[in-house]
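Letter by letter, the chains look like this.
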Amino acid sequence: MKNKIIVAGMGHGGLAAAAILAQNGFDVTVYEQKSAGTLGYDWTDIFDPKAFGVAGLPMPANDLYTYKEDMTFYNPSMTVGLRQHVPALQREIKMERRDLYDHLISCAEKSGAKLVYDCAVKGPLMTGSRVVGISTDRGAFYADLVIDACGMDSPVRKNLPVSVPVEKNVDRLDRITIYRAFFDRADMREAQDKFKVVLFADGIRGISWIAAEDKYTDLLIGRFENFDMDDVEHFSEFLRKTNPHLGRKVLRGGQFVQIPVRQPLSVMVWDGYAAIGDSAFMTVPLIGSGIANSLRASRYLADAVLSDVDCRYDCETLWQYQVRYFRELGQGLDVIKFDPTDLLKKAKTICKNKAAMKKLLEGVPKIAGAMAVSAAVPQHWNERAVRRWAEHYNACFR
């Protein structure tokens, strides 16, 4: 039996890493505050299925997923829409969140990882500046490496010592409040654009989507400030003016949650510690989904651990995990590919909107700067160089 690893929380990336490392002989235990069978929201997720292959995990059963429709991105007034263009081999899948959790939990258990439920993680255990375990409501647990998969508000990350250069807290604009529900279909006629994404609609800072499925309409409302059901009802009425298929009866869902929409952490590792998934903010900005990035990251992290023949699991050896993440996935600013014919057709209308063009052009240098700084991530751990790079990286997003 190799060294002991703790995975704090059952995030997607943490479960995948647990499966890979347990399969390679490590003594892996996953601690989760929720009860067995209660993980996951009552909705579907969209992500790249190739991430399973990168992680070395099997694909879910064919009857557990379908392929996603191309999105159409609309301006705030919903007068101009640009259709996304995704080649057939790059299509994402749509899968129930709970089925995805069941699949990853099964992979972890079959690989030999131990899963402990109803155990709330409180924070890290430290010896000097090194993370040596976790404190929980059921006692202290020690390990050679702690993988932090506790999510956006991870108590492990937030309670690391001030001297550790991992960012601890999340600004309000780093997270978005989401309301999502599946409504009945009021109009069964085929929708021209089955999956609409609307930016800053009705004067709101945020993003929304409305997707016409066969038997229901999937509504998501996301805002950078808190809102309530009165706001949901008002905005739903606004959408019904141009989306007659959106019914009024909630069939399932109807939850308010918060998800991260910021760039990944500038420093994801420390001695005895590595963050993954939402704990490291591996979401795609704007869209918010980080499942595929987290699954890929599980392979990168596992490879860094497996290549550490001296079992140090410190900044120097774990840094290769972060370098690979930034090299393979960048800082998460995925470029949305649009249908070129549709883009040319709508370009004249878009260019006439001077305010929109001004905002678009102002954002281009920032995105280019962030990508350039991300590509310049130090290839080897040197704390002074890493801290200096992290300052430049974070400055790109202020």
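Look up a bit, the structure's there.
Keep in mind that this is a model prediction, so the values were computed, not measured.

Within the largest apolar cluster, 89 residues are counted, with the highest numbers of intra-cluster contacts made by V28, I147, M268, V305 and Y321. Looking at this core element by element, the count peaks at nine residues for helix α6 (residues 291-306). What V305 contacts, discounting residues up to four positions off in sequence, is I5, L21, F26, L145, Y313 and L318.

Two aromatic rings are characterised by how far apart their centres lie and by the angle between their planes. Applying the stated criterion to the full structure yields 16 aromatic pairs. Measuring from ring centre to ring centre gives 6.1 Å for Y65 and Y67, while their planes differ by 85 degrees; the resulting arrangement is edge-to-face. When its relative accessible area of 13% is taken as the criterion, Y65 is described as buried. Exposure remark for Y67: the relative accessible area of 40% places this residue in the partly exposed category. Here F326 and W389 contribute two aromatic rings whose centre-to-centre distance is 5.5 Å and whose plane-to-plane angle is 80 degrees, an arrangement assigned as edge-to-face. Of this pair, F326 sits in helix α7 (residues 315-329) while W389 sits in helix α10 (residues 383-395), and the two are 63 residues apart along the sequence. Feature note: the residues Y325, F326, W389, Y393 and F397 constitute an aromatic cluster, connected by ring pairs. Geometry around F281 places R262 over its ring, the cationic atom sitting 4.8 Å from the centre.

Another aspect to go through is the sheet that holds strand β7 (residues 93-96). One open sheet holds the three strands; their spatial order is β3-β7-β4, and the pairing between them is antiparallel. Looking along the sheet, the strands with just one partner apiece sit at the ends: β3 (44-47) and β4 (65-67). Taken pair by pair, the neighbouring strands of this sheet meet at an average axis angle of 30 degrees, ignoring direction. Sitting on the sheet, helix α3 (residues 97-111) touches β3 and β7, and the angle it makes with β7 is about 85 degrees.

Approximately 250 Å³ is the volume attributed to the second largest pocket. If you trace the second largest pocket, you find 16 residues lining it, with E69, K194, A212, E213 and D214 closest to the centre. Residues of the lining of the second largest pocket, tallied by class, amount to seven nonpolar, no polar and nine charged.

With that out of the way, let us pick up the environment of N24. If you trace the backbone, N24 turns up in the loop between α1 (12-23) and β2 (27-31). Once the C-alpha coordinates of N24 and A302 are considered, the two residues, 278 residues apart in sequence, prove to be 9.4 Å apart. Ignoring anything within four residues of it in the chain, the contact list for N24 reads K2 and L306. Here the side chain of N24 touches I20 through a polar contact of 2.8 Å, landing on its backbone oxygen.

So, on to α1. For α1, which comprises 12 residues, the first-to-last C-alpha distance of 17 Å matches the rise-based estimate of 16 Å (1.5 Å per residue) to within 8%. Among the 12 residues that make up α1, 11 are buried, leaving the element largely enclosed by the rest of the structure. Within α1, the full set of buried residues consists of H12, G13, G14, L15, A16, A17, A18, A19, I20, L21 and A22. Following α1 by one or two positions, G25 adopts a phi angle in the positive range, close to 95 degrees.

Calculation rules
- Residues numbered from 1 in each chain as written.
- Predicted model: local features only at pLDDT ≥ 70, side-chain atom pairs only at ≥ 80, totals over all residues.
- Heavy atoms only, no water.
- Core = buried A, V, L, I, M, F, W, Y, C linked by side-chain atoms within 4.5 Å.
- Buried < 20%, exposed > 50% of the residue type's maximum accessible area, 1.4 Å probe, protein only.
- Helix = DSSP H or I, 4+ residues; strand = E, 2+ residues; numbered from the N terminus.
- Contact = heavy atoms within 4.5 Å.
- Phe/Tyr/Trp six-rings, centres within 6.5 Å; stacked < 30°, edge-to-face > 60°.
- Lys NZ or Arg CZ within 6 Å of the ring centre and 35° of its normal.
- Pairing = 2+ DSSP bridges.
- Axes fitted to C-alpha atoms, helices over the stretch in contact; angles between N-to-C directions.
- 1 Å grid on protein atoms, 1.4 Å probe; cavity = no way out; pocket = protein on both sides within 12 Å on 5 of 7 lines; lining within 4 Å.
- Points joined across faces, edges and corners; volume = space filled by probe spheres on them.
- Nonpolar A, V, L, I, M, F, W, Y, C, P; charged D, E, K, R; others polar.
- Polar contact = N/O pair within 3.5 Å; in protein donor to acceptor, adjacent residues only side chain to side chain.
- Expected span 1.5 Å × (residues − 1).

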